[in-house]
Amino acid sequence: MTHSPLTAWTAPTSKYNDIGPRAVNRLIIHHTAGGTNDGNIAVLSSSSREVSASYCLLTTGDLVGIVPEEYRPWTSNAPGYDNDRNSVTVETVNTTGAPDWGVSWAQVEKLAQLAADLCKRYGWGRVDRSRVVGHREVLPGGYTECPGPFLHGQLNNIVDRANAILSGATGAPAPNGEEIVKEFTGGSSRKAPQKIKGGNTEYITFRDKWTDDKWGDRTIARGPGFLSGTINIAMEGEAGTRVAFQLVRETGENKNRLQIADPRKTIDSLGKLSFQINFNRRLAEGQLVRLLARVQNGKEVEVTEFYWDGGRSE
Ligand SMILES: [Zn+2]
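Attention in this report is confined to the structure presented alongside it.

Scoring rules and cut-offs
- Residues numbered from 1 in each chain as written.
- Predicted model: local features only at pLDDT ≥ 70, side-chain atom pairs only at ≥ 80, totals over all residues.
- Heavy atoms only, no water.
- Helix = DSSP H or I, 4+ residues; strand = E, 2+ residues; numbered from the N terminus.
- Contact = heavy atoms within 4.5 Å.
- Areas by Shrake-Rupley, 256 points an atom, 1.4 Å probe, with all protein chains shown as cover.
- Buried < 20%, exposed > 50% of the residue type's maximum accessible area, 1.4 Å probe, protein only.
- Donors = N, O, S within 2.8 Å, 3.2 Å for Na, K, Ca; no water.
- Phe/Tyr/Trp six-rings, centres within 6.5 Å; stacked < 30°, edge-to-face > 60°.
- Core = buried A, V, L, I, M, F, W, Y, C linked by side-chain atoms within 4.5 Å.
- Salt bridge = Lys/Arg side-chain N within 4 Å of Asp/Glu carboxyl O.
- Axes fitted to C-alpha atoms, helices over the stretch in contact; angles between N-to-C directions.
- Parallel < 35°, antiparallel > 145°, perpendicular 65-115°, else oblique.
- Left-handed = near helix turned anticlockwise from the far one by under 90°.
- Nonpolar A, V, L, I, M, F, W, Y, C, P; charged D, E, K, R; others polar.
- Expected span 1.5 Å × (residues − 1).

1. Topic: the overall build of the chain
Looking only at helices and strands, the chain features four helices and 18 strands. Counting contacts in the chain only where the partners sit at least 6 residues apart, residues at least 24 apart contribute 74% of the total. As displayed, the chain has an accessible area near 14500 Å², and 47% of this comes from carbon and sulfur atoms.

This is how it looks when you write it as structure tokens:
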């Protein structure tokens with residue numbers, strides 16, 4: 001009765017087949033297309049519906065063991081397809097509905113950990129996209145849209161992160177919460193916190209360079225893709241100092257300003273300023289988005305926080 005050491009607890013079921021020794025050779029990733037954590041555990045384990053999975057991955061990132069890995073779960077098959085014969089399957093409970101069918105970053109990270117764990121225990125050597133597949137990839141086109149756009153768009157990241165885990169990477173990997181300060185225009189690359197001196201000519205640019213969304217890098221993303229979330233920035237400086245923000249979308253040499261609510265701010269009486277910009281936008285191939293800030297002439301502020309909290313889908 002084998003479950004991954006990552007398993008938080010188990011919800012046993014009799015919904016599986018004992019087909020003799022299995023050579024587990026891949027992880028098939030699913031989403032639940034809705035429902036609650038408890039509801040999905042019940043559907044997969046105790047309900048009379050003829051469906052189960054090796055694991056149910058809750059929105060909290062907790063991995064619940066359902067069908068032990070020795071047995072074939074009832075997850076990804078269709079007439080003429082025995083996809084689950086040598087597969088471990090995971091049903092990922094969604095955090096949002098159509099059209100993105102989101103999941104949490106804790107779940108994305110746990111999927112990478114699970115892929116790395118299976119790789120070690122079943123001797124795959126390394127993880128690649130033949131080892132981590134989406135449900136829709138093992139059935140004819142149009143049969144299912146599982147997993148949804150957000151999770152399907154994370155499969156390459158999950159493979160990259162799994163291999164990073166296998167090579168000993170530690171630390172917070174998920175693309176949310178990472179600071180995106182890269183460098184100033186004309187300046188060298190410096191990490192936050194950094195001083196921004198007020199001037200009266202140029203906007204000071206945070207060259208966040210959304211070049212890709214690979215884990216372990218401070219950069220976030222470049223189009224194409226749908227980006228949804230919040231840009232968080234916090235500054236400290238002399239009370240009363242004025243700061244104005246701009247969000248600019250660039251396509252090659254073409255720049256246009258994106259509307260943001262209430263872009264003019266003032267450092268408060270405690271010497272602090274925090275600002276959140278909600279961002280929900282589809283970026284075309286090659287498009288970048290940059291945040292610009294202008295500080296009142298003669299003043300200086302220090303950036304104490306600057307990070308992106310959100311998701312990306314294709
Ligand atoms: Zn599925």
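2. Description of the environment of Arg 49
By secondary structure assignment, the location of Arg 49 is in the loop between α1 (37-45) and β4 (55-57). Judged by its relative accessible area of 53%, Arg 49 is exposed. As for Arg 49 and Lys 15, which are separated by 34 residues in sequence, their C-alpha atoms are 9.1 Å apart. Not counting the four nearest positions on each side in its chain, Arg 49 is found in contact with Lys 15 and Val 43.

3. As for the coordination of the zinc ion
On the protein side, the zinc ion has His 30 (ND1), His 135 (ND1) and Cys 146 (SG) as donor atoms, found 2.0 to 2.3 Å from it. All donors of the zinc ion belong to a single chain; written as a sequence motif, their spacing is H-x104-H-x10-C. Here His 135, found in the loop between β8 (132-134) and α3 (149-152), pairs with Cys 146, found in the loop between β8 and α3; they are eleven residues apart in sequence, far enough to count as distant. For the pair His 135 and Cys 146, a shared accessibility class is recorded, and that class is buried.

4. Considering the packing of aromatic side chains
In this description, an aromatic ring pair is defined by two values, namely the gap between the centres and the angle between the planes. For the coordinates displayed, the defined rule picks out two aromatic pairs. Seen in terms of ring centroids, Tyr 16 and Tyr 71 are 4.4 Å apart; in terms of plane orientation they differ by 10 degrees. Their pairing is stacked. You can see Tyr 16 sitting in strand β2 (residues 16-17) and its partner Tyr 71 sitting in the loop between β5 (63-65) and β6 (72-73), a full 55 residues away along the chain. Aromatic side chains Trp 105 and Phe 150 sit 5.4 Å apart centroid to centroid with 75 degrees between the ring planes, which places their arrangement in the edge-to-face category. Residue Trp 105 is located in helix α2 (residues 105-122), and its partner Phe 150 is located in helix α3; the two are separated by 45 residues in the primary sequence. You can call Phe 150 buried: its relative accessible area is 7%.

5. Regarding the nonpolar core
If you look at the biggest cluster of nonpolar residues, it comprises 27 residues, and the most contacted ones within it are Leu 27, Ile 29, Val 90, Val 132 and Ile 158. Looking at this core, the elements that each hand over two or more residues are β3 (26-31), β4, β7 (87-92), α2, α3 and α4 (155-166). It is α2 that contributes the most residues to this core, nine residues altogether. The contact partners of Val 132, leaving out residues within four places of it in the chain, are Leu 27, Ile 29, Ala 115, Val 127, Leu 155, Ile 158 and Val 159.

6. A word on the pattern of salt bridges
The full count for this structure, using the stated rule, is eight salt bridges. Between Arg 121 and Glu 69 there is a salt bridge; the shortest N-O distance is 2.8 Å. One end of the pair, Arg 121, is in helix α2; the other, Glu 69, is in the loop between β5 and β6, and 52 residues separate them in sequence. For Arg 121, a relative accessible area of 31% gives the class partly exposed. Judged by its relative accessible area of 2%, Glu 69 is buried. In this structure, Lys 272 and Glu 236 form a salt bridge, with 3.0 Å as the shortest nitrogen-oxygen distance. Taken together, the positions of Lys 272 in strand β16 (residues 272-283) and Glu 236 in strand β12 (residues 225-237) put the pair 36 residues apart, joining distant regions of the chain.

7. Considering the packing of α2 against α4
Interhelical geometry of α2 versus α4 gives an angle of 55 degrees and a closest axis separation of 8 Å. By the angle between their axes, α2 is oblique relative to α4. Every pair of crossing elements has a handedness; the one defined by α2 and α4 is right-handed. Between α2, through Val 108, Glu 109, Leu 111, Ala 112, Gln 113, Ala 115, Ala 116, Cys 119 and Lys 120, and α4, the contact on the second element is made entirely by Ile 158, Arg 161, Ala 162, Ile 165 and Leu 166. Considering only residue class, the contact of α2 with α4 consists of ten nonpolar, one polar and three charged.

8. Concerning α4
Taking 1.5 Å of rise per residue, the twelve residues of α4 would be expected to cover 16 Å, and the 17 Å separating its terminal C-alpha atoms lies within 8% of that figure. Regarding α4, the residues found buried are Leu 155, Asn 157, Ile 158, Val 159, Arg 161, Ala 162 and Asn 163. Where α4 is buried, its residues touch β3, α2, β8 and α3. Among the residues trailing α4, Gly 168 stands out with phi positive, at a value near 95 degrees.

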